[in-house]
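The residues making up each chain are set out below.
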Amino acid sequence: MPRGEGLFARLSGWFEHTGAAALISGGEHARFSYLMAEPAAETELPYTDAREAAAVLAEATAFVRPQDHRDDLPPFTGGVIGLAGFELGLRLESLKRRPFRIEGRGAWPELVVRLYPAVLAFDHETGRLVAIGRGANEDDARTACERLIALYEATPETRPLQGPLADGKLRLETPDDVHEDKVAAVVRQIHAGDLFQANLARGWTGRLKAGVTPGDIAAALHARGPAPFGAMLRLGERAIVSNSPERFIRLDASGHMETGPIKGTRPRGPTPEDDARLAAELLASAKDRAENLMIVDLMRHDLSRVADIGSVAVPRLNGLETYANVHHLVSTVTAQLAQGRTAADVLTASFPPGSISGAPKVQAMKVIAEMEAARGPYCGSLFFIDAGGAMDSSVLIRTLAFERDDSRVWQFRAAAGGGIVADSDPRDERIETETKLSLIRSVLEGH
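Notes on the structure in this doc start here. Per chain, residue numbering runs from 1 following the sequence as it is written. At least 70 in pLDDT is required for a residue's local features to be given in this predicted model, at least 80 for side-chain atom pairs to be given and counted, and no such filter applies to totals for whole chains, interfaces and linings, which use all residues. The basis for every side-chain value is the complete set of non-hydrogen atoms in the structure, without hydrogens or water.

1. What to know about the side chain of R234
Strands are runs of DSSP state E lasting at least 2 residues, helices are runs of H or I lasting at least 4, and numbering of each runs from the N terminus. Along the chain, R234 falls in strand β10 (residues 229-235). Only heavy atoms matter for contacts: two residues are in contact if any of them lie within 4.5 Å across the pair. Leave out the neighbours within four places in its chain, and R234 touches F15, E16, H17, G19, A20, R114, A239, R404 and W410.

Set out below in structure tokens:
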């Protein structure tokens, strides 16, 4: 088995493989990163398809066998990788739906689930790269492993591209003054008692330079600011790249669930003193702490729908986490999965994530639909469900959606937002969107 030091240097080349997928863990607590390609099966739920999302997801994960779990292997040993777009939540809540498109092209599916029979798992602690295969018998599993190893060894190592990777400046969809007006409108709705909090975002669009691919963007983002839930997924002529710091829900094989909602943001400071001051300011902010607490309560409610009675707990509230360009307040909510429930049940009971919708969730989703364009992958989730029943999932913030046009150039859309509460300041909220997009923008615009 080849060593794994070159995994991140292969991200650009890996994108060229059929059905390429990568879960790219980075930062202080990184443990496992994964590469997959050439899925054995794929299920989609198009915007025009009237099927129930829960039934589609349950059918796509019917292969799960909890007895297949092994403690001596990484959490993901083969199984499904899934992409749930934000608008899947509208379907789950029987709300009015709308399609996500890039530059007026075809509607994206609301759910994609792919079965991967083999995975390359890189252990950041040991530096080992392990190939794991699954199949109807030992020969099939070995063949799947050998095929994935061959792909890995044939993928060239490259250095992340430097300089501007986009063909010009990003184009802002919602001007500053319009976004501030929308924030003010949400604040008025909150004061009127319509809701407590809503996440409001705005988008930026652009196109990559000729010859630059989403794989190049994934490699550059990881090199500049590795995040715990980085990811890359190729969907034919579409793709997503994410540099997300936020977990949605993790489920281990024993049924332990954990979610890590993020609410509260400050930029990094230019000097160590400024950086420490901004971090302390965030920790002391009553507004940001209250915003975080609202989403903690929402996630406690969502997990309780599939958890043993009395098992929901909050072991960490408003903890500080620091990333390449921002400080965040992050809490942890845990619970024990109820007997007979599965990872598919967890996803459908809790999607979309509370941190990027609001409270109450359904009312917040209605407000978002009135004030924003369709989000697509942004604020959705990328997840794996292991053949042994474990699951992990991200909140797709710091995320780009790509689609290749007729000239073979990749068009993209990125977005950034924040939670609006009763005492939100429109200008501050607008600046927060710029702070959150700053790393992606820097990579694309080359500064």
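So much for the structure itself; the text now carries on.
2. Comments concerning the pattern of salt bridges
Take a side-chain nitrogen of Lys or Arg and a carboxyl oxygen of Asp or Glu: if they are within 4 Å of each other, that pair is a salt bridge. Inspection of the entire model under this criterion finds 43 salt bridges. We note a salt bridge from E157 to R10, for which the minimum N-O separation is 3.0 Å. On the criterion of sequence distance, the pair formed by E157 in the loop between α4 (138-154) and β8 (171-172) and R10 in the segment before α1 (11-14) is long-range, its members being 147 residues apart. Relative accessibility thresholds used throughout: buried, under 20% of the residue-type maximum; exposed, over 50%; partly exposed, between the two (1.4 Å probe, protein chains only). Since its relative accessible area comes to 11%, R10 is described here as buried. Two residues, D274 and R277, come together in a salt bridge whose shortest N-O distance is 3.8 Å. With D274 and R277 both in helix α7 (residues 272-284), this residue pair falls three residues apart, about one helical turn.

3. So, empty space enclosed by the protein
A pocket here means an open set of points on a 1 Å grid, computed over the protein atoms alone, that has protein on both sides within 12 Å along at least five of seven lines. A cavity is instead a set of points where a 1.4 Å probe fits but cannot get out; residues with an atom within 4 Å of a point line either one. Grid points are joined across faces, edges and corners, and a volume is the space filled by probe spheres set on the points. By the definition in use, this model includes seven cavities of 30 Å³ or more. Space inside the largest cavity adds up to approximately 140 Å³. Top contributing element to the lining of the largest cavity by residue count: strand β14 (residues 262-267), with four residues. Its residues placed into classes, the lining of the largest cavity shows six nonpolar, six polar and six charged. One number sums up the size of the second largest cavity: a volume of about 110 Å³. The wall of the second largest cavity is formed by 14 residues, among which G225, N243, N325, R398 and L439 lie closest to the centre. Where the lining of the second largest cavity is concerned, the elements lending two or more residues are β16 (326-336) and α11 (426-445). Considering every element that reaches the lining of the second largest cavity, the biggest residue donor is α11, with three residues. Among the residues making up the lining of the second largest cavity, the classes are represented as eight nonpolar, four polar and two charged. Note on residue classes: Ala, Val, Leu, Ile, Met, Phe, Trp, Tyr, Cys and Pro are nonpolar, Asp, Glu, Lys and Arg are charged, and everything else, Gly too, is polar.

4. Description of unusual backbone geometry
With omega at 0 degrees, the peptide bond leading from F351 into P352 counts as cis. Assignment of secondary structure puts P352 in the loop between α9 (343-350) and β17 (358-359). A cis amide bond links A359 to the next residue, P360, at an omega of -10 degrees. Considering the arrangement of structural elements, one finds P360 in the loop between β17 and α10 (361-371). The phi angle at E38 is positive, at roughly 50 degrees, despite the residue not being glycine. Examined against the element boundaries, E38 turns out to sit in the loop between β2 (32-36) and β3 (41-45).

All we've got here are geometric facts, nothing functional implied.
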